[in-house]
Amino acid sequence: MHNFSYARAADVDGALRLVAQPGARFIAGGTNLVDLMKGGVAAPDRLVDITQITALARMHELPAGGIRLGALMKNSDAAQHSLIRERFPLLSQALLSGASPQLRNMATVGGNLLQRTRCSYFFDTAFEKCNKRKPGSGCEALQGFNRYHAVLGGSESCIAVNPSDMSVALVALDAVVHLRTARGSRQMPLNEFLRLPGETPQADNHLSPSEMITAIDIPPNQFAEHSAYLKLRDRASFAFALVSVAAALDLRDGVVQDARLVLGGVAHKPWPVPDAAAVLNGRRIEASHIREVAEIAFRGAVPRTHNAFKIELGKRAIVRALSLAASPREMT
């Protein structure tokens with residue numbers, strides 16, 4: 001067991017002071033970090049508990065119909081919030097597809113964005129080669145068992161996938177992340193905040209040392225009536241996606257005015273396919289158009305020994321998700 005100290009912050013400024021110590025990490029729900037510590041993958045010297053910062057656990061309405069999610073809002077609370085279910089049902093669907101009710105009751109939306117890959121070569125320290133865990137050591141998954149790994153956006157350094165369902169929906173909804181350090185604050189679109197592996201797969205995102213996520217903004221849109229999150233996995237609950245699709249349509253008089261399509265389970269970050277989605281603009285939803293979108297979405301895919309099936313599975317998932325999104329929304 002790696003010894004560590006523990007401190008509890010009462011506000012954001014206090015948290016940022018406490019985490020400035022080398023080797024310090026924030027902890028909230030702990031649903032991922034504690035597992036990493038148990039497995040010897042993470043070994044912080046200090047844990048800074050931020051769960052008492054109640055100002056970060058709330059949701060606020062923004063002008064014109066957008067919302068701001070505090071980073072400490074629980075996944076379960078966000079999924080069931082009436083405004084999210086009404087205005088952004090895609091996010092609610094994605095959240096409810098993730099983990100289990102018990103974990104959703106603990107996990108926070110800020111922590112969800114930062115969760116690490118579930119690649120077995122990363123999680124199991126018995127494997128020597130993992131560039132994400134030990135930069136420069138190699139990637140065991142390239143020649144190993146890679147059924148769950150990336151077919152898009154990977155590199156020769158890493159083919160791990162991002163495990164978050166919530167992030168896939170948030171990228172489709174053009175979410176913006178609020179970040180803060182002791183020196184100031186900044187904002188970044190979530191799609192830019194999350195990284196592809198390149199030659200530095202140890203960095204999952206653009207979070208700086210001693211920086212914290214404080215909120216997530218979702219701007220207003222016209223997708224509430226026609227959106228769907230589809231997750232395909234080995235079992236119906238408590239399993240990560242083999243392929244997932246967030247599909248959102250602005251559909252008026254049967255004609256697509258705007259479309260969003262983002263894939264999960266196939267890349268190191270949620271994978272938007274704007275060129276594919278743009279095929280639908282100005283058109284009615286027809287089977288031939290949807291299949292064209294699916295083919296475009298997986299252009300450039302690189303299958304590995306055990307995951308070539310993800311390409312056809314992903315295409316069929318796109319067809320299904322867009323068909324669901326085009327259907328009239330069922331109120332719950």
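See the structure printed just above.
What you see as residue numbers is a count from 1 along each chain, following the sequence as written. Under the rules for a predicted model, residues below a pLDDT of 70 receive no local features and side-chain atom pairs below 80 are neither given nor counted, while totals for whole chains, interfaces and linings still include all residues. The side-chain numbers reported here are obtained from all heavy atoms of the structure, hydrogens and water having been left aside.

**Q** Quick question: what am I supposed to make of the environment of V302 here?
**A** Here a strand is any run of E in DSSP of at least two residues, a helix any run of H or I of at least four, and the numbering for each starts at the N terminus. Along the polypeptide, V302 turns up in the loop between α12 (287–297) and α13 (309–326). Sequence spacing of V302 and S155 is 147 residues, and the spatial spacing of their C-alpha atoms is 9.8 Å. Only heavy atoms enter the contact rule, under which two residues are in contact if any of them lie within 4.5 Å. What V302 contacts, discounting residues up to four positions off in sequence, is A150 and V151.

**Q** Where do I start with a nonpolar patch on the surface in this structure?
**A** A surface patch of nonpolar side chains, amounting to about 400 Å² of accessible area, comprises M1, F4 and Y6. Here Y6 is to be found in strand β1 (residues 5–8). Exposure above 30% relative accessible area and no salt bridge define the residues that can form patches, which grow by joining like charges within 9 Å and nonpolar side chains of Val, Leu, Ile, Met, Phe, Trp and Tyr within 5 Å. Here the open area of atoms and residues is found with the Shrake-Rupley method and a 1.4 Å probe, where only the protein chains shown may cover a residue. Salt bridges are defined as contacts in which a side-chain nitrogen from Lys or Arg sits within 4 Å of a carboxyl oxygen from Asp or Glu.

**Q** Explanation requested: the sheet that holds β1 in the structure shown.
**A** Note: strands within a sheet are paired through backbone hydrogen bonds, in either parallel or antiparallel orientation. Here we have three strands laid out as an open sheet, ordered β1-β3-β2, and parallel in their pairing. Single-partner strands in this sheet number two, and they are β1 and β2 (24–27). Put simply, the sheet's adjacent strands are angled 25° from each other on average, direction ignored. For β2 and strand β3 (residues 46–49), the ladder comprises four bridges, and the chain directions are parallel. Note that in β3 the partner of A24 across the bridge is R46. For two strands to be treated as a pair, DSSP must find at least two bridges joining them. Axis definition: a line fitted to C-alpha atoms, over the contacting stretch in the case of helices. Angles run 0 to 180 degrees between N-to-C directions.

**Q** Looking at this model, I keep getting lost on the nonpolar core. Mind explaining?
**A** One broad trend across soluble globular proteins is that nonpolar side chains are buried collectively. Among the buried residues, those of types Ala, Val, Leu, Ile, Met, Phe, Trp, Tyr and Cys that are joined through side-chain atoms within 4.5 Å form a nonpolar core. Burial status follows relative accessibility: with a 1.4 Å probe on protein chains alone, a residue under 20% of its type maximum counts as buried, one over 50% as exposed, and anything between as partly exposed. Formed by 38 residues in total, the largest nonpolar core has its most connected members in L69, L91, L170 and L190. In terms of residue count, the dominant contributor to this core is helix α9 (residues 165–172) (six residues). Contact partners of L91, with chain neighbours within four places excluded, come to L69, I84, M166, A169, L170, L173 and I218. L249, V266, A294 and A321 belong to the second-largest nonpolar core, a separate cluster that totals 33 residues.

**Q** Is there a simple way to explain the environment of V171 in this structure?
**A** As for its placement among the helices and strands, V171 is situated in helix α9. Taking C-alpha positions, V171 is 9.1 Å from R260, a pair spaced 89 residues apart along the chain. The contact partners of V171, leaving out residues within four places of it in the chain, are L190, N191, V262, P270 and P272.

**Q** Which parts of the structure should I look at to understand the sheet that holds strand β7 (residues 184–189)?
**A** Read from one edge to the other, the open sheet built from five strands follows the order β4-β5-β8-β6-β7, with strand pairing classed as antiparallel. Each edge of the open sheet is held by one strand with a lone partner, namely β4 (59–61) and β7. Neighbour-to-neighbour, the strand axes of this sheet turn through a mean angle of 20°, independent of strand direction. One ladder, built from three bridges, connects β4 with strand β5 (residues 67–70); its direction is antiparallel. Bridge pairing in β5 places M59 opposite L69.

**Q** Any chance you could explain the pattern of salt bridges here in plain terms?
**A** Side-chain pairs of opposite charge can arise whenever the charged atoms involved come near each other. Within the structure shown, the criterion is met by 19 salt bridges. As a salt-bridge pair, D217 and R68 come within 2.6 Å of each other at their nearest N and O atoms. With D217 in strand β8 (residues 212–218) and R68 in strand β5, this pair connects stretches of sequence that are 149 residues apart. Taking the relative accessible area as the measure of exposure, D217 reaches 10% and is therefore buried. Residue R68 is classed as partly exposed on the basis of its relative accessible area, which comes to 30%. Measuring nitrogen to oxygen at the nearest pair gives 3.2 Å for the salt bridge that ties R283 to E292.

**Q** Help me understand unusual backbone geometry, please; the structure alone is not making it clear to me.
**A** The phi torsion of most residues other than glycine is negative, and most of the peptide bonds are trans. In this model, A64 sits at a positive phi of 75°, which is unusual for a non-glycine residue. With respect to the helices, strands and loops of the structure, A64 is situated in the loop between β4 and β5. A positive phi is found at A99, a non-glycine position, where the angle reads about 55°. The exposure class assigned to A99 is partly exposed, which follows from its relative accessible area of 31%.

**Q** What am I meant to see in the packing of α12 against α13 here?
**A** When two helices pack together, their arrangement is given by the angle between the helix axes and by the axis-to-axis distance. At a minimum axis distance of 9 Å, the contact between α12 and α13 shows a crossing angle of 140°. Taken as axis vectors, α12 and α13 run oblique relative to one another. In the crossing of α12 with α13, the sense of the turn from one axis to the other is right-handed. Residues I290, R291, V293, A294, E295 and A297 of α12 touch α13, and the partners they reach there are E312, K315, R316, I318, V319, L322 and S323. In this classification, the charged set is Asp, Glu, Lys and Arg, the nonpolar set is Ala, Val, Leu, Ile, Met, Phe, Trp, Tyr, Cys and Pro, and all remaining amino acids, among them Gly, are polar. Its residues assigned to classes, the contact of α12 with α13 comprises seven nonpolar, one polar and five charged. Throughout, the term roughly parallel applies to angles under 35 degrees, roughly antiparallel to angles over 145, roughly perpendicular to angles from 65 to 115, and oblique to all others. In this scheme the crossing of two helices becomes right-handed for a clockwise turn of the near helix relative to the far one and left-handed for an anticlockwise turn of less than a right angle.

**Q** Please explain the packing of aromatic side chains as it appears in this structure.
**A** The relation between two aromatic rings is expressed through the spacing of the ring centres and the mutual angle of the planes. Note on ring pairs: Phe, Tyr and Trp rings are taken, using the six-membered ring of Trp, and paired if centres are within 6.5 Å. Classes follow the plane angle, with under 30 degrees stacked, over 60 edge-to-face and the rest tilted. Scanning all chains against the criterion turns up three aromatic pairs. On the numbers, 4.7 Å between centres and 75° between planes, the contact of Y121 with F127 is edge-to-face. Relative to F123, the ring of F122 lies with its centre 5.9 Å away and its plane at 75°, an arrangement referred to as edge-to-face. By relative accessible area, which is 24% here, F123 ends up partly exposed.

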